[in-house]
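Now for the letters of each chain:
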Amino acid sequence: MERLFFIALLSFPASLALASSCEPGEAVGADAKIAAYREANCASKALDKAADLLHDALLAEARSDSKTLCANLHAALMQLDQYRVGAWRDSHGNIAEKIDAGFDEKLARMETTTCPQRPALYRHLALQGNPWAMFRLADSYAKGTGLAQNDGEALAWYQQAAEHGYAPAYVALGLMYSDGKAFVPDYGVAAQWLDKGARTGDAEAEYLLGNLLRK
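Let me begin by describing the structure that accompanies this report. The shown structure was predicted, so the numbers you read here are calculated from the model rather than taken from an experiment.

Calculation rules
Residues numbered from 1 in each chain as written. Predicted model: local features only at pLDDT ≥ 70, side-chain atom pairs only at ≥ 80, totals over all residues. Heavy atoms only, no water. Helix = DSSP H or I, 4+ residues; strand = E, 2+ residues; numbered from the N terminus. Buried < 20%, exposed > 50% of the residue type's maximum accessible area, 1.4 Å probe, protein only. Polar contact = N/O pair within 3.5 Å; in protein donor to acceptor, adjacent residues only side chain to side chain. Arc of directions from axis to C-beta. Contact = heavy atoms within 4.5 Å. Axes fitted to C-alpha atoms, helices over the stretch in contact; angles between N-to-C directions. Parallel < 35°, antiparallel > 145°, perpendicular 65-115°, else oblique. Left-handed = near helix turned anticlockwise from the far one by under 90°. Nonpolar A, V, L, I, M, F, W, Y, C, P; charged D, E, K, R; others polar. Salt bridge = Lys/Arg side-chain N within 4 Å of Asp/Glu carboxyl O. Disulfide = S-S within 2.5 Å. Expected span 1.5 Å × (residues − 1).

**Examining the side chain of Lys106**
You can see Lys106 is positioned in helix H4 (residues 93–111). Note on Lys106: relative accessible area 6%, which makes it buried. Of note is the side chain of Lys106, whose polar atom sits 3.5 Å from the side chain of Glu105.

Take a look at the structure:
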């Protein structure tokens, strides 16, 4: 009897899954469909919370309260960000699409501001493998916008964005290697990056490459 009781205790945790993300104190069944449903429910709640935060952010903007505007926009983005991945998305595509669209909408809104949270947000997304964010973080370092100006960091993040196929990074690298502002020019490397950009049909890359070759 004692042996059976011990085996039952060992097997009990396996009958439970992780708690849902919005109800951490509540254990959910091990059934994958139920777990996915519960997580999709949490995502729906996150959409509502993010909408409320955006509403409050716009009210703050109307009264020129930039601190609250920025805090609420950032909070709305983080509310949605945790649901941009997860196995539940495969069976709840409609909610997943709303999460992604809501995140993109609020990110675009954040981009119209000068909120100090932007560099931290870029880094957060860049570390997730987002090439757009890698480029924006590199730009922030290159221009000293919201971060201490650092050409080395700018170069590193531009290169990561380029490695992910983000075409604007090709032009940025071409400029860094050709203008001599960040370090001694290397026109050969500059031409390689600009040529890569030109092959994507980027007009600026084509112009800069032509100008480089002419000189």
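What follows picks up the thread again.
**Regarding helix H5 (residues 118–126)**
For H5, the complete set of buried residues consists of Arg118, Pro119, Leu121, Tyr122, Leu125 and Ala126. Each buried residue of H5 sits inside an arc of 160 degrees when the element is viewed along its axis, so together they form one side. Buried residues in H5 make contact with helix H3 (66–81), H4, helix H6 (131–143) and helix H7 (151–163).

**Thoughts on the packing of helix H2 (residues 32–62) against H4**
The interhelical angle for the contact between H2 and H4, taken along N-to-C directions, is 20 degrees, at an axis separation of 10 Å. Taken together, the axes of H2 and H4 are roughly parallel relative to one another. Judged by the sense of rotation from one axis to the other, the crossing of H2 with H4 is left-handed. Two secondary-structure elements touch here, H2 through Ala40, Ala43, Ser44, Leu47, Ala50, Ala51, Leu54, Leu58 and Glu61 and H4 through Ile95, Lys98, Ile99, Glu105, Lys106 and Arg109. Grouping the constituent residues of the contact of H2 with H4 by class yields nine nonpolar, one polar and five charged.

**Overview of the pattern of salt bridges**
A complete count under the given rule lists 10 salt bridges for this structure. We note a salt bridge from Lys106 to Glu105, for which the minimum N-O separation is 3.5 Å. One salt bridge connects Asp139 with Lys143, and the closest N-O pair in it is separated by 3.4 Å. Highlighted residues: Asp139 and Lys143, both in helix H6, separated by four residues, approximately one helical turn. Overlapping salt bridges bring together Glu111, Arg118, Arg136, Asp139 and Lys143 as one network.

**Comments concerning the packing of helix H8 (residues 167–179) against helix H9 (residues 187–198)**
If you want to describe how two helices pack, look at the angle between their axes and the distance between the axes. Packing of H8 against H9 brings their axes to within 8 Å, and their N-to-C directions diverge by 160 degrees. Between H8 and H9, the interaxial angle falls into the category roughly antiparallel. For the pair H8 and H9, the sense of crossing is left-handed. For the pair formed by H8 and H9, the contact residues are Tyr170, Val171, Leu173, Gly174, Tyr177 and Ser178 on the first element and Tyr187, Val189, Ala190, Trp193, Leu194, Lys196 and Gly197 on the second. Residues belonging to the contact of H8 with H9 are distributed by class as follows: nine nonpolar, three polar and one charged.

**Thoughts on the state of the cysteines**
Counted by the stated rule, this structure contains two disulfides. Two residues, Cys70 and Cys115, share a disulfide whose sulfurs are 2.0 Å apart. Given an S-S torsion of about -80 degrees, the disulfide between Cys70 and Cys115 has left-handed geometry. Residue Cys70 is found in helix H3, and its partner Cys115 is found in the loop between H4 and H5; the two are separated by 45 residues along the sequence.

**Quick notes on H7**
With 13 residues, H7 extends 18 Å from end C-alpha to end C-alpha; this agrees with the ideal 18 Å at 1.5 Å per step. Residues Ala154, Leu155, Trp157, Tyr158, Ala161 and Ala162 constitute the buried set of H7. Those residues of H7 that are buried lie in contact with H5, H6, H8 and H9. With its phi angle positive at about 80 degrees, Gly165 sits one or two positions after the end of H7.

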